[in-house]
Amino acid sequence: MCYSAQIKADFTRFIRQFGGDLKLEEFAKIYFERSTNPRIKIPKVMDAAFLAPQSDIEREIKALIDTFNAEQATKIEQDLFKQRKRLADAERTLQTKVTKKATDDVRIATDKIEWAKVKLADLSRVEPKERDARIFPGVYAPVMVWEDGKRVMKPMRYQCRPAGKPAFYDTKYPGTYNARSDNLQGFWKDLFGFSHGIMVVNAFYENVDRDGTNTVLEFRPRPQQDMLVACLWSHWRGSGDEPDLLSFAAITDEPPPEVAAAGHDRCIVPIKPENIDAWLQPDRKNLAAQIAILEDRDRPYYEHRLAA
């Protein structure tokens, strides 16, 4: 399965290269929802797209980002103060008597202090790093779809909750961030042929077993390129206090030889640029044409290395 991916969120280049529009109201909506639900995870690379806002709605998004980061920084600084006190108290205890509690407190407080320092630095940092673009299941990413006769980009959660299903599907089926190609007309039959999308990535990550130890490998196409990963997506309608949810799954298939040799049994499906519109506007009555697009995929060679 595609455990993680490195997304592209350069919206200016997206518009120039692929055409279409950004659904800025959808971006504003998810940033607003995050202000009251910090469990919503948005990668820093998506925030960076609004560093220099050009319109009122972009300025609104930038303000939401700045307010959220300031609130997060305050919470982290408060916890940092507590952990520094915890560390100092434990070190004083150890000067007179070695106890398990004091020893554990030193270890735990030290780890939490280091984490807080890194997190605070990340919140204030503006220069990009590769990790800013990495998404995991449950994290939001920009996804290209077809709407109102054109390509548009919307933010969606990387774990699909099919429309009409209960919210507990997220925990009942935690693997729904990927859609197996051999189950498109089974579990995914309500989306395949109806709601197709594309996620633009330039690397993906997989868990593999190396001598009994779980290892995360990074796979990058050679030559280096942006890959148009075939996805399925859903608009889940909320009720009461539960907001609507846009979410998606990346389609996976049998791996090419180099991915299989590295120890993984699945791989994302990057479609060819000339098939974008046909994929985004599926004909439910001709699923064979959609399967043909998946089979007529781009086939780069994937180099791998240990993930940083």
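Residues numbered from 1 in each chain as written. Predicted model: local features only at pLDDT ≥ 70, side-chain atom pairs only at ≥ 80, totals over all residues. Heavy atoms only, no water.

### Some details on the overall build of the protein
In terms of regular secondary structure, the protein is built from 9 helices and 13 strands. With the C-alpha coordinates of the protein rotated into their principal frame, the extents come out at 75 × 55 × 40 Å. Residues classed as buried in the protein amount to 45% of the 308 residues present. Considering only contacts within the protein whose residues lie at least 6 apart along the sequence, 68% involve residues at least 24 apart. Accessible surface for the protein amounts to roughly 15,900 Å². Of this, 52% is attributable to carbon and sulfur atoms. (Helix = DSSP H or I, 4+ residues; strand = E, 2+ residues; numbered from the N terminus. Buried < 20%, exposed > 50% of the residue type's maximum accessible area, 1.4 Å probe, protein only. Contact = heavy atoms within 4.5 Å. Areas by Shrake-Rupley, 256 points an atom, 1.4 Å probe, with all protein chains shown as cover.)

### Here we look at the pairing of strand β10 (residues 245-253)
Most of β10 is tucked away: 9 of the 9 residues are buried. Of the two faces of β10, the one lined by L245, S247, A249, I251 and D253 and the one lined by L246, F248, A250 and T252 are each fully buried. For strand β5 (residues 150-158) and β10, the ladder comprises 2 bridges, and the chain directions are parallel. Within the sheet, the bridge partner assigned to R157 lies in β10 and is S247. As paired strands, strand β6 (residues 178-180) and β10 are joined by 3 bridges and run parallel to one another. Residue pairing across strands places N178 opposite A250, the latter belonging to β10. Here strand β9 (residues 227-236) pairs with β10 via 6 bridges, running antiparallel. Residue C231 lies in a different strand from β10, and its bridge partner there is A250. In this sheet, strand β11 (residues 267-268) lies alongside β10 in antiparallel orientation, the contact comprising 2 bridges. Each bridged residue has a counterpart across the sheet, and for T252 the counterpart in β11 is I268. (Pairing = 2+ DSSP bridges.)

### Details of the pattern of salt bridges
Going through the model one piece at a time under the given rule, you end up with 31 salt bridges. A salt bridge links D104 to R107, with the shortest nitrogen-to-oxygen separation between them at 3.6 Å. Of the two residues, D104 and R107 are both situated in helix α5 (residues 100-124); the distance of 3 residues between them amounts to about one turn of the helix. Given a relative accessible area of 21%, D104 falls into the partly exposed group. (Salt bridge = Lys/Arg side-chain N within 4 Å of Asp/Glu carboxyl O.)

### A closer look at the confidence of the model for the protein
The share of residues in the protein with pLDDT of 70 or more is 98%, and the mean pLDDT across the chain is 92. Mean pLDDT across the elements of the protein bottoms out in helix α1 (residues 11-18) (73) and peaks in β10 (97). (pLDDT = per-residue confidence, 0-100.)

### Thoughts on the pairing of β9
The buried fraction of β9 amounts to 9 of the 10 residues, a majority that puts the element mostly inside the structure. With 6 bridges connecting them, strand β7 (residues 196-210) and β9 associate as antiparallel partners. Across the sheet, V200 pairs through a bridge with L228, a residue of β9.

### Considering the nonpolar core
Ranked by internal contacts, the top residues of the largest apolar core, which has 42 residues, are Y31, I251 and W279. Apart from residues lying up to four places away in sequence, I251 is in contact with A179, S181, L184, A230, C231, L232, C267, I268, V269, W279 and L294. One finds A141, V201, V229 and W233 within the second-largest nonpolar core, a separate group that totals 31 residues. (Core = buried A, V, L, I, M, F, W, Y, C linked by side-chain atoms within 4.5 Å.)

### Remarks on the environment of N207
With respect to the helices and strands, N207 occurs in strand β7. Judged by relative accessible area, which is 27%, N207 ranks as partly exposed. For the pair N207 and E218, spaced 11 residues apart in sequence, the C-alpha to C-alpha distance is 9.3 Å. Side chain to side chain, N207 and N214 meet in a polar contact 3.1 Å long. (Polar contact = N/O pair within 3.5 Å; in protein donor to acceptor, adjacent residues only side chain to side chain.)

### A closer look at the packing of helix α2 (residues 24-36) against helix α4 (residues 56-96)
Close contact between α2 and α4 brings their axes to 9 Å; oriented N to C, the two are set at 20 degrees. The angle between the axes of α2 and α4 places the two elements in the roughly parallel class. Considering how the two elements wind past one another, α2 and α4 form a crossing that is left-handed. Between α2 and α4, the residues in contact are L24, E25, F27, A28, Y31, F32 and R34 and I57, E58, E60, I61, L64, I65 and F68, respectively. Looking at side-chain class alone, the contact of α2 with α4 contains 10 nonpolar, no polar and 4 charged residues. (Axes fitted to C-alpha atoms, helices over the stretch in contact; angles between N-to-C directions. Parallel < 35°, antiparallel > 145°, perpendicular 65-115°, else oblique. Left-handed = near helix turned anticlockwise from the far one by under 90°. Nonpolar A, V, L, I, M, F, W, Y, C, P; charged D, E, K, R; others polar.)

### Brief notes about the side chain of E206
Note that E206 resides in strand β7. Within the buried core, E206 has no salt-bridge partner, and the shortest N-O distance to an opposite charge, that of R266, equals 8.2 Å. (Lys, Arg positive; Asp, Glu negative; His and termini not counted.)

### Remarks on α2
Over its 13 residues, α2 runs 19 Å from end to end, which matches the ideal 18 Å to within 8%, given 1.5 Å per residue. Among all positions in α2, only L24, F27, A28, I30, Y31, E33 and R34 are buried. Where α2 is buried, its residues touch α1, β2 (21-22), α3 (44-48), α4, β4 (140-147) and β5. (Expected span 1.5 Å × (residues − 1).)

### Side note on the packing of aromatic side chains
The relation between two aromatic rings is expressed through the spacing of the ring centres and the mutual angle of the planes. Counted according to the given criterion, the structure contains 10 aromatic pairs. In this structure, R134 packs its charged tip against the face of Y205, placed 3.7 Å from the ring centre. One cation-aromatic arrangement involves R161 over W236; the distance from NZ or CZ to the ring centre is 4.4 Å. (Phe/Tyr/Trp six-rings, centres within 6.5 Å; stacked < 30°, edge-to-face > 60°. Lys NZ or Arg CZ within 6 Å of the ring centre and 35° of its normal.)

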